[in-house]
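Residues per chain, in single letters:
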Amino acid sequence: MSWKFFVSHSLPLFFLFFFYSFPLISTQHNDDPTFKTMHDFSGYPVDESSHTFTPSNSISLSVDIQALQKQIDELSTFSDTPAPSVTRILYTENDVLARRYVKNLMGLAGLSVTEDVVGNIFGRWDGYEPELTAVATGSHIDAIPYSGKYDGVVGVLGAIEAINALKRSGFKPKRSLEIILFTSEEPTRFGIGCLGSRLLAGSEALAEALKTTVDGQNISFFEAARSAGYSRDEDDLSSVFLKNDSYSAFVELHIEQAPILEEEGISIGVVTNIAAPASIKVDFEGNGGHAGGVLMPDRLILPIVTIFFL
Ligand SMILES: [Zn+2]
């Protein structure tokens with residue numbers, strides 16, 4: 001229920017606030033040692049105070065909430081499981097159709113649409129100083145089995161509507177604004193989460209690992225990617241890596257996947273810490289045995305090590 005409120009009221013406003021207030025956010029100072037300015041992140045001075053723009057400058061913004069909700073509902077129909085659930089696995093037919101749907105919306109919004117070889121999709125609105133690094137936002141549209149229709153989707157479709165609202169208002173951005181649809185945030189098919197964004201971040205290890213990665217049906221990553229119209233060359237993943245300073249700022253809007261905001265009656269929250277799950281694979285050498293019948297003294301492994309890992 002809170003998700004609905006979140007989507008219908010807060011989502012476009014959040015993006016609009018972000019796009020409008022970027023110059024203000026980027027130049028403020030704070031005594032908190034964990035606080036970083038955009039200067040700290042980007043490594044170059046950010047001073048755009050002369051172009052600071054706020055909604056009070058009297059441009060009126062109109063967010064088409066009905067259209068946005070309709071798009072979220074339509075996108076949810078590209079699913080391998082019946083409504084209200086959504087199941088959309090990387091590089092499947094429904095994933096391809098959903099990508100086409102989003103690219104079409106980006107085109108209708110007047111964005112220039114590009115894709116890289118793993119299917120990260122970029123919709124760009126050129127600023128009036130296009131040589132400046134862009135401000136970006138985005139999320140994912142792949143969906144784990146039987147998930148909901150808002151997960152990830154709000155960060156993509158909401159961003160498109162935010163840009164539509166800005167365009168309708170007559171606003172022209174100084175920096176280019178870019179929406180990114182990240183490939184495979186979910187690990188469902190290949191067991192690798194945030195696949196597209198990790199490659200964008202320049203993960204050589206992932207690019208190498210993908211050469212031998214297969215799914216549960218023994219279909220290789222590259223075979224699956226090719227079936228969706230992407231990578232044809234197993235060696236070309238380095239083309240996905242972003243150059244330094246590709247973006248001056250990035251924000252992701254995502255539904256809350258916990259009950260806190262709903263319980264507190266708060267429509268939106270700002271993340272200050274985030275979980276960073278990790279997994280490791282460990283091989284134990286020794287003689288195994290029946291889990292119940294073979295006692296520890298008869299197993300040729302170090303019980304203490306086993307207990308630590310279990
Ligand atoms: Zn998500």
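This structure is a prediction, so every number in the text was calculated from the model and none was measured. (Residues numbered from 1 in each chain as written. Predicted model: local features only at pLDDT ≥ 70, side-chain atom pairs only at ≥ 80, totals over all residues.)

Caption draft 1: Here's a closer look at the overall build of the chain. Helix and strand content of the chain: ten helices and seven strands. For the chain, the proportion of its 310 residues judged to be buried stands at 33%. Long-range pairs, those at least 24 residues apart, make up 70% of the contacts in the chain between residues at least 6 apart in sequence. (Helix = DSSP H or I, 4+ residues; strand = E, 2+ residues; numbered from the N terminus. Buried ≥ 20, exposed ≤ 12 C-beta atoms within 10 Å, placed from the backbone. Contact = placed C-beta atoms within 7 Å.)

Caption draft 2: How the structure looks around helix 4 (residues 93-108). Here helix 4 contains 16 residues, and its C-alpha end-to-end distance of 23 Å stays within 8% of the 22 Å for a straight helix at 1.5 Å per residue. Listing the buried residues of helix 4 in full gives D95, A98, R99, V102, L105 and M106. Summarising the axial view, the buried residues of helix 4 lie within an arc of 120°, below the 170-degree limit, and thus occupy one face. For helix 4, exposure combined with an orientation more than 90 degrees from the buried face picks out R100, N104, G107 and L108. Contact partners of the buried residues in helix 4: helix 3 (65-75), strand 1 (86-88), strand 2 (112-115), strand 3 (121-125), helix 5 (153-169) and strand 6 (177-181). (Expected span 1.5 Å × (residues − 1). Arc of directions from axis to C-beta.)

Caption draft 3: Focus on the packing of helix 3 against helix 5. At a minimum axis separation of 10 Å, helix 3 and helix 5 run at an interaxial angle of 140°. Comparing the axis directions of helix 3 and helix 5 gives the class oblique. At the point where helix 3 passes helix 5, the crossing takes the right-handed sense. Listed contacts from helix 5 to A67, L68, Q71, I72 and L75 of helix 3 are V153, L157, G158 and E161. When its residues are assigned to classes, the contact of helix 3 with helix 5 shows six nonpolar, two polar and one charged. (Axes fitted to C-alpha atoms, helices over the stretch in contact; angles between N-to-C directions. Parallel < 35°, antiparallel > 145°, perpendicular 65-115°, else oblique. Left-handed = near helix turned anticlockwise from the far one by under 90°. Nonpolar A, V, L, I, M, F, W, Y, C, P; charged D, E, K, R; others polar.)

Caption draft 4: Region of the structure containing the nonpolar core. Core analysis: the biggest nonpolar cluster contains 33 residues, and V102, V153, V156, L157 and I160 have the highest contact counts within it. With ten residues, the top contributor of residues to this core is helix 5. Excluding anything up to four places from it in sequence, L157 contacts L68, Q71, I72 and L75. (Core = buried A, V, L, I, M, F, W, Y, C linked by C-beta atoms within 7 Å.)

Caption draft 5: Quick peek at the sheet that holds strand 7 (residues 247-251). Pairing within the open sheet is mixed, and its five strands lie in the order 2-3-6-4-7. Looking at which strands have only one partner, the edges of the open sheet turn out to be strand 2 and strand 7. Taking the axes of each pair of neighbouring strands and ignoring which way they run, one obtains an average angle of 25° across the sheet. Of the strand pairs in this sheet, strand 3 and strand 6 are connected by five bridges, and their pairing is antiparallel. (Pairing = 2+ DSSP bridges.)

Caption draft 6: Expanded view of unusual backbone geometry. Of note, the amide linkage connecting A83 to P84 takes the cis form, showing an omega dihedral of 5°. By the element assignment, P84 lies in the loop between helix 3 and strand 1. Its identity as a non-glycine residue notwithstanding, S184 has a phi of 50°, on the positive side. Along the chain, the position of S184 falls in the loop between strand 6 and helix 6 (195-200). You can call S184 buried: it has 26 C-beta atoms within 10 Å. Here the phi dihedral of C194 falls at roughly 55°; this positive angle occurs in a residue that is not glycine. Of the residues examined, C194 has 18 C-beta atoms within 10 Å and is grouped as partly exposed.

Caption draft 7: Up close: the pairing of strand 2. Of the pairings in the sheet, the one linking strand 2 to strand 3 comprises four bridges and is antiparallel in character. Bridge pairing links T114 to F122 in strand 3. Where strand 2 folds back on strand 3, the antiparallel hairpin that results is connected by five residues, among which G119 adopts a positive phi of roughly 95°.

Caption draft 8: Examining the confidence of the model for the chain more closely. Residue-level pLDDT values for the chain average 83, and 77% of them are 70 or greater. Considering only residues more than four positions removed or in separate chains, one finds that residues 1-9, a stretch of pLDDT under 50, has 16 contacts. Low confidence marks residues 48-53, where pLDDT is under 50. Its contacts with residues over four positions away, or in another chain, come to nine contacts. (pLDDT = per-residue confidence, 0-100.)

Caption draft 9: Fine view of the environment of P130. Mapped onto the elements, P130 comes out in the loop between strand 3 and strand 4 (134-139). Taking the C-alpha atoms as reference, P130 lies 9.6 Å from L177; in sequence the two are 47 residues apart.

Caption draft 10: Seen up close, helix 5. In this model, helix 5 (17 residues) spans 24 Å end to end at C-alpha, consistent with the 24 Å of a helix rising 1.5 Å per residue. Across the 17 residues that make up helix 5, a large majority, 14, are buried. Remark: G170 follows helix 5 within two positions and exhibits a positive phi of approximately 95°.

Caption draft 11: Summary view of the environment of S197. Tracing the backbone shows S197 in helix 6. Residue class for S197 comes out buried when judged on the 20 C-beta atoms lying within 10 Å of it.

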